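Secondary and tertiary structure notes
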Amino acid sequence: HISRFGSMVMLNTKISLITLVQYSNSSDLFSSNAKLRYNPAEGIDFYLVYNENLNTDRFHSRPVLPVSNDRTLLLKFIYTLGI
């Protein structure tokens, strides 16, 4: 079973925040994703993206699992060419 919750907040026409939180009981994994988008002009986008996967049942195996499987912080720049 997978449970999800997501939200999107538009602060104004140039800045938005999108989040997704997900839990999987088959893998005992809690995942989160947050994406901040800044659009200063038409065809230009900056994204700041944060992802993290957390173990919820760390003690079911030996050796003990770490709290976090992975953590990522990305900065993306997208420029669309008008041809």
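Before going into details, it helps to say that this report is about the structure given with it.

What counts, and where the lines are drawn
- Residues numbered from 1 in each chain as written.
- Predicted model: local features only at pLDDT ≥ 70, side-chain atom pairs only at ≥ 80, totals over all residues.
- Heavy atoms only, no water.
- Helix = DSSP H or I, 4+ residues; strand = E, 2+ residues; numbered from the N terminus.
- Rg over C-alpha atoms; globule rule 2.2 N^0.38 Å.
- Buried < 20%, exposed > 50% of the residue type's maximum accessible area, 1.4 Å probe, protein only.
- Contact = heavy atoms within 4.5 Å.
- Areas by Shrake-Rupley, 256 points an atom, 1.4 Å probe, with all protein chains shown as cover.
- Lys, Arg positive; Asp, Glu negative; His and termini not counted.
- Charge placed at Lys NZ, Arg CZ, Asp CG, Glu CD.
- Salt bridge = Lys/Arg side-chain N within 4 Å of Asp/Glu carboxyl O.
- Pairing = 2+ DSSP bridges.

Counting its secondary structure elements, the protein contains 0 helices and 5 strands. Sequence-ordered secondary structure for the protein, helices as α and strands as β, is β-β-β-β-β. Relative to a compact globule of 83 residues, whose C-alpha radius of gyration would be 12 Å, the protein shows 17 Å and is clearly more extended. Seen along its three principal axes, the alpha-carbon backbone of the protein occupies a region of about 55 × 20 × 20 Å. Across the 83 residues of the protein, 17% fall into the buried class. Look at the contacts in the protein between residues 6 or more apart in sequence, and 27% of them connect residues 24 or more apart. Split by element, the accessible area of the protein, about 6300 Å² in all, is 61% carbon and sulfur. Taking the average place of the 8 positive charges on the side chains of the protein and the average place of its 6 negative ones, the gap between the two points comes to 2 Å.

Moving on, we get to the pattern of salt bridges. Pairing is possible between side chains of opposite charge, provided their charged atoms come close. Applying the stated criterion across every chain yields a total of 2 salt bridges. For the salt bridge of Asp45 with Arg37, the shortest nitrogen-to-oxygen distance reads 2.9 Å. Residue Glu52 pairs with Arg71 through a salt bridge whose shortest N-O separation is 2.8 Å. Pair noted here: Glu52 is in strand 4 (residues 44-55) and Arg71 is in strand 5 (residues 68-79), with a separation of 19 residues, a long-range link.

Let us now look at the pairing of strand 2 (residues 15-24). Relative to strand 2, strand 1 (residues 2-10) runs antiparallel, the two sharing 9 bridges. Across the sheet, residue Ser7 finds its bridge partner in strand 2, namely Thr19. With antiparallel pairing between neighbouring strands as the criterion, strand 1 and strand 2 make up a hairpin whose turn holds 4 residues. Two strands pair when backbone bridges link them, and strand 2 and strand 3 (residues 29-41) are joined in this way by 10 bridges, in the antiparallel orientation. From the neighbouring strand, Ser24 faces strand 3, where its bridge partner is Leu29. Between strand 2 and strand 3, which pair antiparallel in sequence order, lie 4 residues; one of them, Asp28, sits at a positive phi of approximately 50°.

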